[in-house]
Amino acid sequence: MAEEAIPTPGQVEVTAVASVNIKPLEDKLVVQASEAETTTASGIVIPDTAKEKPQEGKVLAVGPGRVDDNGNRIPLDVAVGDVVIFSKYGGTEVKYNGEDYLILSSRDVLAVVN
């Protein structure tokens, strides 16, 4: 039997969500948006031109947080692996290694989905 690693106090267990080589700065985070629905509940197919922009996605990378006026670092309320709901037109869309990502400010995140 293989032994399971038990984190000691002060250690954090990290799970791999996706490998992304984008390191966000300050209070920014990298999100991979969920796919937009392609059909309605009644089965009608929605063409690409009529699809709503997705507002939900998985956090792939998180910056260290912004620095306040006293020089203290303020960490973000979200962590890697969280599913978040973000502002409809917030963030910047980037394409990296053939994948589409969204770089958001922490202020564009509206909620964390449990």
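Our structure is the block above this text.
Bear in mind the structure is a predicted one, so any value in this text is a computation, not a measurement.

What counts, and at which threshold
- Residues numbered from 1 in each chain as written.
- Predicted model: local features only at pLDDT ≥ 70, side-chain atom pairs only at ≥ 80, totals over all residues.
- Heavy atoms only, no water.
- 1 Å grid on protein atoms, 1.4 Å probe; cavity = no way out; pocket = protein on both sides within 12 Å on 5 of 7 lines; lining within 4 Å.
- Points joined across faces, edges and corners; volume = space filled by probe spheres on them.
- Helix = DSSP H or I, 4+ residues; strand = E, 2+ residues; numbered from the N terminus.
- Buried < 20%, exposed > 50% of the residue type's maximum accessible area, 1.4 Å probe, protein only.
- Pairing = 2+ DSSP bridges.

> Sorry if this is basic, but what is going on with the layout of surface pockets here?
Any empty space left between the atoms is revealed when a probe the size of a water molecule rolls over them. Volume-wise, the second largest pocket comes out at about 180 Å³. Lining of the second largest pocket is provided by D27, R66, I74, P75, L76, D77, V78, S106, R107, V109 and V112.

> Explain unusual backbone geometry to me, please; I cannot follow it from the model alone.
Outside of glycine, negative phi angles account for most residues, and trans bonds account for most peptide bonds. For E26, which is not glycine, the phi dihedral falls at a positive 45°. Checked against the element boundaries, E26 lands in the segment before β1 (28-33). Located in the positive-phi region is N97, a residue other than glycine, with phi close to 50°. When you line up the elements, N97 lands in the loop between β6 (92-96) and β7 (99-105). Judged by its relative accessible area of 66%, N97 falls in the exposed class.

> Would you explain the pairing of β7 in this entry?
In regular strands, side chains alternate between the two faces of the sheet. The pairing of β1 with β7 spans four bridges and is classified as antiparallel. Pairing of V31 across the sheet is with L102, part of β7. With five bridges joining them, β6 and β7 adopt antiparallel strand pairing. Opposite Y96, over in β7, you have E99 as the bridge partner. Between β6 and β7, which pair antiparallel and follow one another directly, the connecting turn spans two residues, one of which, N97, has a positive phi of 50°.

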